[in-house]
Amino acid sequence: MRLESLKCSSGDSIQIRRILYVTYSHCWSSRRGSHIESSAPHPISLHHKPLNSSRHKKVFHGWGGARTIDFLGEPRNFKILSKRNHHLPRGCNTFRGIELKASNRMRKRKISNGDEGESTGSEMEVDGEEKIEQIDDSDDDEDMEEEEETPRSRTRDENPFLDSFYGLSSGDARERSEAAQTMLHQCLLGPNANMKDASYALRRLLNGLCSGRAAARQGNASALASFLKISFHLQKVETIQLEMNGENEPTKTPLSFIRERLLVATDPTQISGKKKGSEERDYQFGRLFGILALVRSNVLLPNDDSDLSAITAVASDLLSDLADLFWLKKWMREPAAHGMTTLLKLFYEGRSKEKCKKVLDHVVSHVVIPKILVTSTTGSDHKTLLESFCAEQIGIACFIQSHVDYHTQSLAYPLSRPTLSVETVPLISKALAETSAVVQPRTHFVWDSIWCYLFETGTSSNSSQPKLKVLRKQCTMGDDSAVDLVEAILGDVVMKRLLGIDNEKGSSASKATHERRSLAMCIVKNISGVPFMSSLSGPICLFLGHDAMENIVLAPAIVRRLFLDVICAGKQNKKQSSHLLKPLAIETLSAISAAVVDENAHPETNNERRLACVRALLKAEVRFDTRTKTSTIADLVGFADKVSGKTKDELSSLWTRYFNFLEAQFLDKCSQINESTAEATGYIELMYSAAKGIIRMEAEDEDTALALKEYKDSTIRKAIDFLMAAAFFDCSEVDDVAGKRTKRKKGKKKAAHPEILNSAALVKSSSVPYAVRSVISLRFFSLISDFVHNQSHQKAESSKGTTEKDSMTLLFLSTISKSWKTLESSGAKTYDSTVESEKADSPAEDVHVILQELEKSVAALTALQKKDPDNSLVEAKKRCCTGIAVLAHTLYLHRLRCGTSDEIDIDNLDADGEDDEEEICSALEGLKDVTEDFLGDGNDDDSNPLLGLSESCANILSSPLGSGDIGRGASPKLVREAVKFAWLGGLRLASVLATEDRTLLDNEVVDTLIDAIGASGSTKEDEMDDDDVDGASDSDEEDEDSESDEENVFAKATNLLDDSEHMEEDVPETKIEEESDVEVDETKLQSMLEEESDASVSSDILEHHEGADAALAKLIKLKQGARKAGKLAREKIEISNQLRCTFLLDLLFGRPDAWSNLFRSDIVLRLLLPMLKHRKTIEKSLDKATENRAKSGFGERRALLDKLTSLLKLKICKLKLSSMPFATLTDVDTASTVLEGILGELKRTTNKDHASCCSAAIVFVLRTIPTAQDAVTIGSALGAAVEEWSTKRTTRLESSLFDHLIEHVPR
């Protein structure tokens, strides 16, 4: 409950501004100390229920009779008429129960100057006592319940005029604006406006300037500006002057009167007693804000009827007042200087140019120069004067000189000479650097003046955007160009003073503090075109040419010190060691990138600025995005996910120029390589990333898609040509075909010039080192792989809804192969001496013949398909031949080599190269035979082309070519895509060729696939219990028996090694993995040798030397460690090969409906048991590879295990053989054998995942049983399993198996 007003007997209500609250601890209290003085001894009480749940009530005891209430500094007499307890009505939270009658002796309100200031006009304060009484009043309880249910609502102010002055100090700008409107309407604009209220308002506004409460200074200054503007416009200032001074006629001009009242109100001498620093500061800032309010009211601007002399006098006096503030305190210099420039700007932008110029000439020559720029303490020499200038003096001088054309007279010394020039920048650089004390993101006033001096207002098409400022061609003072002056500022101030970089020495001159770096970042950000708020011009955006951006603003030294050294500071994975300015640096980078990319912010071609920033950043650090972990370069280049028709042409032009820049920089770095090749390889990585980004581009509409596809093809082929010429060919002797111009006859078309020769011409004069060529080789194959992968995953674009992706890939790869031939025919030589030596022999020629025959076959089948589009056999043959041709071209391109290094054993490397060459040639021969078998008449029943294709694909995936370890930067991803095309094409054709009596997916093909994934050896372990760990102890006993025959300790150790090696050769692979501890225990070697040596020597004579035993033991340990490491490496390679070969099974069972004629029930069942056993072997090896996971291939084993699980549960066991056309009935004996084997696996496993795979396989086998009688026949195995599960306690069978069977095979 709260008391808001006192009601008089006449019906008028007096509002109490300070609301009186009732709380638990106080009966009546107030925010401010208000009070009621009593003069009669009659008590009254106001009851209110406390906030707790007790029955106590708080009673306020006062005294009746006449009372005096302090209201606006003058006492008023009231009399209490009622003592009743008044309760709150429903829906109201205002207590109005006290009725007061105004005394006849109420005096007229008078306001004196002494009662102003911080007086709270309508405040009321209550003093009283607190007493607790036991009062039982049910009505009070009901009223309080209603009060709690009703939300509090504030009643409207009864005196909005007085309340508006409190609203001016609110922190909310909107509330301050509303309060100012209310005040102005009440005293100047409303129907009840009068001069007394206006005089009172002016006095309150001037006094409010000195208040430090909340936003009182801002609100009162803004309201004062509007008050002056309206009062001068309505010509009420003189009336206000008479009202305030009590005179009949004004003795001063209105402007002089306002200035005089301002000085009186902001005079610090009014403070009585000891002055506090904060109070004196409030008065000084109040005077500053008052002057700015007077300036911004525009009442100083002359018009046709204005008295120019009075305006000039007041303007001079105001500038003098600001000059006094300027020299009063150092911390007042910047605000005072800003006030001076604001006053001068008023006249610079005035409409009456001639009168304004006269005022400017007077105030500059008579006030600014003598009182600010040239004082008695400064020297007369211009150089000495500039060196003594503070930043604020420099800002004032630059601001005046930037408007030199607005003066009718020439500026006097020192403004007659340029304050800011190339020669004077070193003199004032120290003062400019000291402005780093200003807190970010605001910069010192002097920098806004410098931007006004260097930039002029440009044309902006969008008015909602910040005002555009373009760089001047010539400075307003002196002969220096603005570009040279910007370079001098960034060189002397930013680089030398702020960042501590000495250009002459090329090193750090001093340590840059965080404050100086912050200022440097802000300067670079503002001058790069990022919009910011200027204290002189408002929101602006500076525009600088692309050349200046690249060579001056974003110079390599600035980029390294501002961004790289800050963002990359500290150690990795330690956030605490990162630089404190890292967030600011990242924000600055992002802002610069966004400003440069903005197409509407600058009149110049946007691509020029983008490319300039990219060049600047990459020159500082070629791996800029990688080191800073940002996407700055990518954002500037514009690799967006979607491209529209409007931006396609602009972006394509930008990307082309970007590629040209990368090529030029790469060749330049290659010619400068001494030791490190990091920069050259960095540009190759950028080229690859750019090409990859273009590959991933997508068009927003269909019209843009075709044009974008053409640009993709041409750009990627150009990039591939450049990489191929730089990595694999010595182009120093290439004919300059590009420079030749041959005359062509009339009517003949101009011959197309191969693009590869343009790339060769670029590389011709450069020598690319081997280390760089190896990286280029890697990116060459990777880029081809990315392009092929992107094409193979594109959506259908033809009218039929299908796209022959294999044909598109073949066309792309054949174009690259032709570029190889073009280079060789033009005089280029490959770096591979092996290939060169084979040109005289037949294999290389045979390779070309094979490719030609495959392309001819594809062309012939394509022609047949056009004649007979509905012939499925021709289509299948064409797709198969196309896929094999793609694989052949991929193998052919992998014959390219990037040469050898001087530091490598060339003989051994050539031997490896010969082996690789032979493997590729033999693989191509095999593909040729497979193609002939597929395209044959099919009369040869003994030949199975699918078997040959599976062997070729498995061999390629298991070879170093498929793993990428071939030594020439081969890409396994490209080989994988090529194998995919060939294998899918073969499966399609094999399905078409399959009949009910014959299928190409026979047992031999299945065995080949099983061997490829490493599951062939697992079928021999049916009788072996994988969980039996006695094998290791048996082998140890055999070792002990073999050791007993040896008498010599050295022979014993040698035999131990031989036995361990023998065991590795004879024991099956699975057993070796399970019994890896059969090797000699390293900890027992020393004791074993000493015991044997002691037994062979007489006890009386000590002839044995223990050092020999220790050396031998150490040698054996080293040999065992090396052999174990080699074994782990071989196993890791083998597991990786098996993992890659699962790709063939994945494709086979991934889309079984496409080649459903291939599947037979018995053949599919043969896959289950070997795969389950191999899965269990891999799973057990994971448990033993937990110590050294990296060397033991833990990741590869885990991936292989997941792939086998996926194939079994999600692919093979989900196969619906009943829907296959030629899936024959399952043989009962075969099904029984497979089922028993799976149950045996299930009985020996304790792993739930493996048990789940076995359960899925059992369900699959049972589903293949055609009749119920056959199901009963093989059900005996399941019956035995049920009996074992129900009777044997140690069984490993789980009930989940039978739950699975009941759910999926209920019959």
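The rules behind each value
- Residues numbered from 1 in each chain as written.
- Predicted model: local features only at pLDDT ≥ 70, side-chain atom pairs only at ≥ 80, totals over all residues.
- Heavy atoms only, no water.
- Helix = DSSP H or I, 4+ residues; strand = E, 2+ residues; numbered from the N terminus.
- Buried < 20%, exposed > 50% of the residue type's maximum accessible area, 1.4 Å probe, protein only.
- Contact = heavy atoms within 4.5 Å.
- Areas by Shrake-Rupley, 256 points an atom, 1.4 Å probe, with all protein chains shown as cover.
- Core = buried A, V, L, I, M, F, W, Y, C linked by side-chain atoms within 4.5 Å.
- Phe/Tyr/Trp six-rings, centres within 6.5 Å; stacked < 30°, edge-to-face > 60°.
- Lys NZ or Arg CZ within 6 Å of the ring centre and 35° of its normal.
- Salt bridge = Lys/Arg side-chain N within 4 Å of Asp/Glu carboxyl O.
- Expected span 1.5 Å × (residues − 1).
- Pairing = 2+ DSSP bridges.
- Axes fitted to C-alpha atoms, helices over the stretch in contact; angles between N-to-C directions.
- Parallel < 35°, antiparallel > 145°, perpendicular 65-115°, else oblique.
- Left-handed = near helix turned anticlockwise from the far one by under 90°.
- Nonpolar A, V, L, I, M, F, W, Y, C, P; charged D, E, K, R; others polar.
- pLDDT = per-residue confidence, 0-100.
- Patch = residues over 30% accessible without salt bridge, like charges linked within 9 Å, V, L, I, M, F, W, Y side chains within 5 Å.
- Lys, Arg positive; Asp, Glu negative; His and termini not counted.
- Charge placed at Lys NZ, Arg CZ, Asp CG, Glu CD.

Kindly report on the overall build of the protein, identifying the contributing residues and their values.
Secondary structure assignment for the protein yields 51 helices and 20 strands. Expressed as a percentage of the 1307 residues in the protein, the buried residues total 49%. In the protein, of all internal contacts separated by at least 6 residues, the share reaching a separation of at least 24 is 73%. Accessible area of the protein: about 64300 Å², with a carbon and sulfur share of 48%.

Give a description of the nonpolar core that names residues and reports values.
Phe227, Leu454, Phe666 and Leu1168 are the most contacted members of the largest nonpolar core, which has 327 residues in total. Among the elements that line this core, the one with the most residues is helix 26 (residues 702–728), at twelve residues.

Describe in detail the packing of aromatic side chains, supporting the description with residues and values.
Evaluation of the coordinates by the stated rule reveals 18 aromatic pairs. Every member of this aromatic cluster is reached through a ring pair, and the members are Phe161, Phe165 and Tyr200. Lying across the ring of Phe289, Arg217 places its NZ or CZ 5.8 Å from the centre. The aromatic ring of Tyr831 is capped on one face by Arg773, whose charged end is 3.9 Å from the ring centroid.

Summarise the pattern of salt bridges; cite the residues concerned and give the values.
Where charged atoms from two side chains of opposite charge approach closely, those side chains can pair. Counted under the stated rule, the structure contains 28 salt bridges. The closest approach of N and O atoms between Arg259 and Asp321, which form a salt bridge, is 3.0 Å. Linking Arg259 in helix 7 (residues 254–265) with Asp321 in helix 9 (residues 308–328), this pair joins segments that are 62 residues apart in sequence. We note that Arg259, like Asp321, is buried. The partner of Arg472 in a salt bridge is Glu456, and the shortest N-O contact between them spans 3.9 Å. Placement of Arg472 in the loop between strand 12 (467–471) and helix 16 (482–498) and of Glu456 in strand 11 (residues 455–457) is noted, with a sequence separation of 16 residues between them. Connected through shared salt-bridge partners, Arg217, Arg281 and Asp282 make up one network.

Describe helix 20 (residues 582–597), with residues and values.
Compared with an ideal rise of 1.5 Å per residue, which puts 16 residues at 22 Å, helix 20 spans 23 Å between its outermost C-alpha atoms and is within 8% of the ideal. Buried within helix 20 are the following residues: Leu584, Ala585, Thr588, Leu589, Ile592, Ser593, Ala595 and Val596. Buried residues in helix 20 make contact with helix 17 (514–527), helix 18 (546–553), helix 19 (556–567), helix 21 (606–620), helix 22 (624–628) and helix 23 (632–637).

Lay out the pairing of strand 12 in plain terms, naming residues and giving numbers.
By the criterion of burial, strand 12 is predominantly enclosed, with four of the five residues buried. Note: strand 11 against strand 12, three bridges, orientation antiparallel. Its bridge partner lying in strand 12, Glu456 is registered against Val470. Relative to strand 16 (residues 538–543), strand 12 is paired through four bridges, and the arrangement is parallel.

Describe in detail the pairing of strand 16, supporting the description with residues and values.
Where burial is concerned, most of strand 16 is hidden: five out of the six residues are buried. Of the pairings in the sheet, the one linking strand 15 (residues 532–534) to strand 16 comprises three bridges and is antiparallel in character. Bridge pairing links Phe532 to Ile540 in strand 16. Hairpin connection from strand 15 to strand 16: three residues lie between these consecutive antiparallel strands.

Lay out the side chain of Asn526 in plain terms, naming residues and giving numbers.
Mapping Asn526 onto the fold places it in helix 17. Not counting chain neighbours up to four residues away, the residues in contact with Asn526 comprise Thr443, Trp451, Phe532 and Leu542.

How would you summarise the packing of helix 32 (residues 872–893) against helix 36 (residues 972–993) if you had to cite specific residues and measurements?
Interaxial distance between helix 32 and helix 36 falls to 8 Å at its minimum, and their mutual angle equals 155°. The angle between helix 32 and helix 36 falls in the class roughly antiparallel. Considering how the two elements wind past one another, helix 32 and helix 36 form a crossing that is left-handed. Across the interface between the two elements, Leu873, Ala876, Lys877, Arg879, Cys880, Gly883, Ile884, Val886, Leu887 and Thr890 of helix 32 pack against Leu974, Val975, Ala978, Val979, Phe981, Ala982, Gly985, Gly986, Arg988, Leu989, Val992 and Leu993 of helix 36. Looking at the contact of helix 32 with helix 36 residue by residue, the classes come out as 15 nonpolar, four polar and three charged.

Break down the confidence of the model for the protein for me, citing the residues and quoting the values.
Predicted confidence across the protein gives a mean pLDDT of 77, with 71% of residues reaching 70 or more. This model gives residues 904–911 a pLDDT under 50, and the stretch forms ten contacts once residues within four places in sequence are excluded.

Describe a negative patch on the surface, and please don't skip the residues or the numbers.
Taken together, the side chains of Asp846, Glu853, Glu925, Asp929, Glu932 and Asp933 present a region of like negative charge at the surface. Counting residues per element, the ones that place at least two in the negative patch are helix 31 (842–867) and helix 33 (906–935). At four residues, the largest contribution of residues to the negative patch is made by helix 33. Within the secondary structure, Glu925 is located in helix 33.

An account of the sheet that holds strand 11 is requested, with residue identities and associated values reported.
One key point about sheets: their strands pair by backbone hydrogen bonds, in either a parallel or an antiparallel sense. The four strands are arranged 11-12-16-15 in an open sheet whose pairing can be described as mixed. Because the sheet does not close on itself, it has two edges, and the strands there are strand 11 and strand 15. With strand direction ignored, the average angle separating the axes of adjacent strands in the sheet is 50°.

I'd like a rundown of the environment of Phe1194, residues and numbers included.
For Phe1194, the location among the structural elements is in helix 46 (residues 1194–1212). Accessibility expressed as a relative area gives 14% for Phe1194, which makes it buried. As a C-alpha pair, Phe1194 and Leu1182 span twelve residues in sequence and 6.5 Å in three-dimensional space.

Residue-level account of the packing of helix 3 (residues 173–189) against helix 5 (residues 216–233), with values.
Between helix 3 and helix 5, the shortest axis-to-axis distance is 10 Å and the interhelical angle comes to 35°. Considering how the two elements wind past one another, helix 3 and helix 5 form a crossing that is right-handed. Mapping the contact onto sequence places Arg176, Ala180, Met183, Leu184, Cys187, Leu188 and Leu189 in helix 3 and Gly219, Ala223, Ser226, Phe227, Ile230 and Ser231 in helix 5. Per-class residue counts for the contact of helix 3 with helix 5 are nine nonpolar, three polar and one charged.

A description of unusual backbone geometry should follow, citing residues and the corresponding values.
A cis geometry characterises the amide bond from Tyr413 onward to Pro414, with omega recorded as 10°. Positioned with a positive phi, Asn298 is a non-glycine residue whose angle comes to about 65°. Within the secondary structure layout, Asn298 lies in the loop between helix 8 (277–296) and helix 9. Within the chain, Lys629 stands out as a residue other than glycine whose phi angle is a positive 55°.

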